[in-house]
Amino acid sequence: MKANVGTIDRTLRIIVGLALIALSLAGVIGVWGWIGVLPLATGIFRFCPAYTLLGIKTCKSCSAKS
């Protein structure tokens with residue numbers, strides 16, 4: 001798995017993932033908030049399978065190495 005998620009993208013994914021999980025735990029948005037695990041995981045591991053399928057890389061230093 002090569003990193004394909006850049007710094008800004010990674011930060012936003014982690015924030016959104018944590019926010020969704022927190023809202024779910026607080027009972028604001030219900031069980032669907034657990035979908036926040038996906039952006040959280042892709043942000044932590046810096047790899048997005050959908051980006052691989054679409055040929056997208058938001059990591060500038062990663063594109064220079066390829």
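Looking at an unreviewed UniProt entry, the protein chain carries the name Inner membrane protein YgaP-like transmembrane domain-containing protein, with the source organism given as Stutzerimonas stutzeri.

## Thoughts on the pattern of salt bridges
Counted according to the given criterion, the structure contains 1 salt bridge. Asp9 is paired through a salt bridge with Arg13; the nearest N and O atoms lie 3.1 Å apart. Of this pair, Asp9 and Arg13 both sit in helix H1 (residues 7-25), 4 residues apart, which is roughly one turn of the helix. Overall, Arg13 belongs to the buried group, its relative accessible area being 14%.

## Remarks on a nonpolar patch on the surface
Nonpolar side chains collect at one region of the surface, where Leu25, Val31, Trp34 and Val37 lie side by side and expose about 430 Å² of accessible area between them. Looking at where Val31 falls in the secondary structure, it is placed in the loop between H1 and helix H2 (37-45). The class for Val31 is exposed, based on a relative accessible area of 67%.

## Some words on the UniProt feature "domain: Inner membrane protein YgaP-like transmembrane" (unreviewed entry) in the protein chain
Mapped onto the present numbering, the UniProt feature "domain: Inner membrane protein YgaP-like transmembrane" (unreviewed entry) falls at residues 1-61. Between the end C-alpha atoms of residues 1-61 the distance is 15 Å, and the span holds 59% helix and 0% strand.

## Thoughts on the UniProt feature "transmembrane region" (unreviewed entry) in the protein chain
Per the UniProt record, "transmembrane region" (unreviewed entry) is found at residues 12-35. Summarising residues 12-35: 58% helix, 0% strand, and an end-to-end C-alpha distance of 15 Å.

Parameters at a glance
Residues numbered from 1 in each chain as written. Predicted model: local features only at pLDDT ≥ 70, side-chain atom pairs only at ≥ 80, totals over all residues. Heavy atoms only, no water. Salt bridge = Lys/Arg side-chain N within 4 Å of Asp/Glu carboxyl O. Helix = DSSP H or I, 4+ residues; strand = E, 2+ residues; numbered from the N terminus. Buried < 20%, exposed > 50% of the residue type's maximum accessible area, 1.4 Å probe, protein only. Patch = residues over 30% accessible without salt bridge, like charges linked within 9 Å, V, L, I, M, F, W, Y side chains within 5 Å. Areas by Shrake-Rupley, 256 points an atom, 1.4 Å probe, with all protein chains shown as cover. UniProt positions renumbered as here; feature names shortened; annotations may be inferred.

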